[in-house]
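Spelled out from the first residue to the last, the chains are:
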Amino acid sequence: MALSTSSGEVRFEGLSVGTEIWGATQANFLVSFPGRHAKEAAILLNDPAAKLLSEATGRENTPEFRAQAAAIAGEIILLDRLEHGAPIESVMSLSGSFFAEEPAVGDRIKAALAK
C-alpha cells in the first residue's frame with residue numbers, strides 16, 4: 001500500500017528477516033519524489049522503543065506488534081519528512097530518544113497503533 005502527499009509517495013515494501021539480532025525490527029520502504037529517482041529507506045525500530053510504544057498504547061509487545069509498529073512508524077515518519085522537505089535517510093534508527101526529540105510525530109504513531 002502506498003501513502004501519498006503532494007511532495008511524494010511512501011510505499012511499504014515489507015519487513016527484513018533476522019534483524020532481531022540487532023535488537024530491532026526493520027521495515028523497508030520505497031519513497032518516490034516527483035521528478036526524481038525513488039529512494040529505498042529502512043526504518044529500524046529498536047526493542048526499547050517498541051516497548052515504549054507497546055506500553056503507551058496498552059498493547060502486548062509481541063513480534064507482530066513490533067512489525068506493525070515499525071511499518072506504521074516508518075509510514076508516518078517518512079510522510080512527515082516528505083511534507084516538510086526534510087532529507088530521507090537510507091537507514092533511520094528509532095529509539096526512545098527519537099520519540100523524546102519528536103513528540104508530535106511520536107504521538108501520531110501512538111494514536112495509529114492504539115486503533
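Bear in mind the structure is a predicted one, so any value in this text is a computation, not a measurement. The residue count restarts for each chain, going from 1 along the sequence in the order it is written. Whole-chain, interface and lining totals are the exception, using all residues; otherwise, since this is a predicted model, local features are given only for residues with pLDDT of at least 70 and side-chain atom pairs are given and counted only at 80 or more. Side-chain measures were taken over the full set of non-hydrogen atoms in the model, leaving aside hydrogen atoms and water.

A.B. asks: Which residues make up the pattern of salt bridges, and what are the values?
C.D. replies: Should a side-chain nitrogen of Lys or Arg be within 4 Å of a carboxyl oxygen of Asp or Glu, the pair is scored as a salt bridge. Applying the stated criterion across every chain, the model contains three salt bridges. Where Glu-13 meets Arg-11, a salt bridge forms, and the shortest distance between an N and an O atom there is 2.6 Å. Taking relative accessible area as the criterion, Glu-13 reaches 46% and is therefore assigned partly exposed. Exposure remark for Arg-11: the relative accessible area of 32% places this residue in the partly exposed category. Note that Lys-51 is salt-bridged to Glu-55, the shortest N-O span being 3.6 Å. Note that Lys-51 and Glu-55 are positioned in helix α1 (residues 47–57) at a spacing of four residues, about one turn of the helix. Each residue gets one of three labels from its accessible area relative to the maximum for its type: buried under 20%, exposed over 50%, partly exposed in between, using a 1.4 Å probe on protein chains only. The secondary structure listing takes helices from DSSP runs of H or I that are at least 4 residues long and strands from runs of E that are at least 2 residues long, numbered from the N terminus.

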